[in-house]
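Here's the letter readout for the chains.
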Amino acid sequence: MLRVPTFTPMIDELEDFYRTLDPQSAELGQSLEAMLAEHGDESAFSLKVRQMRILAQESDVHVFRHFPFWFQFSAGRGRFIWGGLGCCPGGEFLHRHLGRPYWQAYLEALEPDRQAGFIQSGANPVGLDHHALDYDGILRSGLLGLREKALECREHGAPDTLPFYDAAIAGLDILMALSCRFAREAERMLETETDPAVRENLVWIADTAGRVPAHPPVTFREALASVLFCRECVGTLEGIGISTYGQLDRMLYPYYKADLEAGRITEAAAKDLLKAMLYYTAVRFDEDHGYHETSTTIILGGCDPDGNPVYNDVTRLILEAERFVWAHPETGYKETVTSGYMAEKFRVLGYELTMAEGITGFYTVIDTGRPGPEVLVMGELDSIICPA
């Protein structure tokens, strides 16, 4: 049965990492400048492939011990960066260098209208934000399936389309190789990891990142991992904002239903995976301490391709996960919701609980089977009222 790590270690780990994140902008910038100096006379398609290869091969990859997915590699993208011109020195390198003559002419053409007060800001002549991936295609065919489709199109394509198809094929290869780097990193971490829960998570990543998203996912967790990896990594490599996870309830429901029927997942475990994804955005963009634009959305409901309304168990799980993350501050001795929630999570992890009498809270005994003193570890669940 699927088990995911508890949230407190995961949140602490994400926060510690992103607080000191090094996007490697300087080192990668030198490699990209050298690439452009040596190959600047090549086509934009060829240069784009070279840029992606440098970012995917020279950036450090990071696998979180307590986070149930993989995606983090720097590639010049800082903590609060989601994409767009002037934000992501790695992925946007060619946007700035090859596009500068066109940008400048465009801005100069807008200036009379700006001076006359007709416009307040310059709209981008190219799309650097608000993109969405073909998540349906990724889930249905995997990246290898998309590669086969690109090869077929190339075979019947006009001569002037061949550089595009060659670049698309190379880009898919780069993305699949990048996912395999995460699998190898998880394998390396397993050589020294001793925590059983963390080992279970790393074993899953080591096994899965080499198969998915190259191949179509089979389980709910694999499908969610495919969406998160492709969204984060394509946006980073391209230097643009992939601003949505897509219609998650419609896309994920078949995997959730199949996992439930096969006994591979529980509702609680599926909800925890969704919460982990939501916590990533909240922690990375430090939403507890101020506003930083995330350019991150989830589409719920709507219709399926046949026009039928979409509302299913995954719709409900996503809404419940989001509402819980934000909606349950409770003061001391009144943490009924929070205590109940934590008790449910401990039971899912297999612990037998003793509930406190007369107050909120519970405790459990963890027998390691090793001799030595007993240690009491206490966790506080209460919030603090802060006057405005």
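Quick summary incoming for the structure in this document.

Cut-offs used in this document
- Residues numbered from 1 in each chain as written.
- Predicted model: local features only at pLDDT ≥ 70, side-chain atom pairs only at ≥ 80, totals over all residues.
- Heavy atoms only, no water.
- Helix = DSSP H or I, 4+ residues; strand = E, 2+ residues; numbered from the N terminus.
- Contact = heavy atoms within 4.5 Å.
- Areas by Shrake-Rupley, 256 points an atom, 1.4 Å probe, with all protein chains shown as cover.
- Phe/Tyr/Trp six-rings, centres within 6.5 Å; stacked < 30°, edge-to-face > 60°.
- Lys NZ or Arg CZ within 6 Å of the ring centre and 35° of its normal.
- Expected span 1.5 Å × (residues − 1).
- Buried < 20%, exposed > 50% of the residue type's maximum accessible area, 1.4 Å probe, protein only.
- Core = buried A, V, L, I, M, F, W, Y, C linked by side-chain atoms within 4.5 Å.
- Axes fitted to C-alpha atoms, helices over the stretch in contact; angles between N-to-C directions.
- Parallel < 35°, antiparallel > 145°, perpendicular 65-115°, else oblique.
- Salt bridge = Lys/Arg side-chain N within 4 Å of Asp/Glu carboxyl O.
- Lys, Arg positive; Asp, Glu negative; His and termini not counted.
- Polar contact = N/O pair within 3.5 Å; in protein donor to acceptor, adjacent residues only side chain to side chain.
- Disulfide = S-S within 2.5 Å.

**Examining the overall build of the protein**
On a plain count of helices and strands, the protein comes out with 12 helices and six strands. Restricting the contact set of the protein to residue pairs at least 6 apart, pairs at least 24 apart contribute 71%. Working note: accessible area of the protein is about 20,500 Å², and carbon and sulfur atoms make up 55% of it.

**Side note on the packing of aromatic side chains**
Any pair of aromatic rings gets described here by the distance separating the centres and the angle formed by the planes. One pass over the structure, following the stated rule, counts 17 aromatic pairs. Ring centres 5.0 Å apart and planes at 85° place the aromatic pair Phe-17 and Tyr-18 in the edge-to-face group. With a centroid separation of 5.8 Å and 65° between ring planes, the pair formed by Phe-220 and Tyr-256 is classed as edge-to-face. Within this pair, whereas Phe-220 is found in helix H8 (residues 220-238), its partner Tyr-256 is found in helix H9 (residues 248-262), the two being separated by 36 residues in sequence. Taken together, the aromatic side chains of Phe-17, Tyr-18, Phe-64, Phe-67, Phe-69, Phe-71 and Tyr-280 make up a single cluster linked through ring pairs. The side chain of Arg-231 reaches across the aromatic face of Tyr-245, ending 4.8 Å from its centre.

**Here's the deal with H8**
For H8, built from 19 residues, the straight-helix expectation of 27 Å at 1.5 Å per residue is met to within 8% by its first-to-last C-alpha distance of 27 Å. The buried fraction of H8 is high, at 18 of 19 residues.

**Some thoughts on the nonpolar core**
General note: in soluble globular proteins, nonpolar side chains tend to be found buried as a group. Counting residues in hydrophobic clusters, the biggest one holds 88 residues, and the most contacted among them are Phe-67, Phe-182, Phe-220, Leu-224 and Leu-248. Among the elements that take part in this core, helix H6 (residues 162-190) stands out by supplying 12 residues, more than any other.

**Section: the packing of helix H3 (residues 44-58) against H6**
Packing of H3 against H6 brings their axes to within 9 Å, and their N-to-C directions diverge by 0°. On the basis of the axis angle, H3 is roughly parallel to H6. Between H3, through Phe-45, Val-49, Met-52, Arg-53, Ala-56, Gln-57 and Glu-58, and H6, the contact on the second element is made entirely by Pro-163, Phe-164, Ala-167, Ala-170, Gly-171, Ile-174, Leu-178 and Arg-181.

**Here's the deal with the pattern of salt bridges**
Pairing of side chains with opposite charge becomes possible as their charged atoms draw close. As enumerated under the stated definition, the model contains 21 salt bridges in all. Across the salt bridge formed by Arg-77 and Glu-232, the nearest N and O atoms sit 2.9 Å from each other. Here Arg-77 is found in the loop between strand E2 (72-73) and helix H4 (93-115), whereas its partner Glu-232 is found in helix H8, with 155 residues between them in sequence. Judged on exposure class, the residue Arg-77 and its partner Glu-232 are both buried. Across the pair Glu-261 and Lys-257 runs a salt bridge whose closest N-O atoms are separated by 2.8 Å. With Glu-261 and Lys-257 both in helix H9 and four residues apart, the pair spans about one turn of that helix. When its relative accessible area of 61% is taken as the criterion, Glu-261 is described as exposed. Each of Glu-15, Asp-16, Arg-19, Arg-79 and Asp-286 takes part in a single network of salt bridges with overlapping partners.

**What to know about the side chain of Arg-284**
Its location among the elements puts Arg-284 in helix H10 (residues 267-284). Although Arg-284 is buried, it forms no salt bridge, and the closest oppositely charged side chain is Glu-232 at an N-O distance of 4.3 Å. Only 3.3 Å separates the side chain of Arg-284 from the side chain of Gln-72, close enough to count as a polar contact. Arg-284 has contacts with Tyr-18, Leu-21, Gln-72, Arg-77, Gly-78, Arg-79, Phe-80, Ile-81 and Glu-232, leaving out every residue within four places of it along the chain.

**Some words on unusual backbone geometry**
Val-212 connects to Pro-213 through a cis peptide bond whose omega is 10°. In this fold, Pro-213 is placed in the loop between helix H7 (196-208) and H8. You will see that Ala-75, though not glycine, has its phi angle at about 55°, which is positive. Summarising the element assignment, Ala-75 is placed in the loop between E2 and H4. The class of Ala-75 is buried, set by a relative accessible area of 0%. Phi at Ser-295 takes a positive value of approximately 50°, unusual for a residue other than glycine. Among the secondary structure elements, Ser-295 is positioned in the loop between H10 and strand E4 (297-299). Its relative accessible area of 11% is what places Ser-295 among the buried residues.

**Some details on the state of the cysteines**
Summed over all chains, the structure comprises zero disulfides. A disulfide-free cysteine, Cys-233 has its sulfur positioned 7.6 Å from the sulfur of Cys-230, the nearest such atom. Relative accessible area serves as the criterion here: at 0%, Cys-233 is assigned to the buried category.

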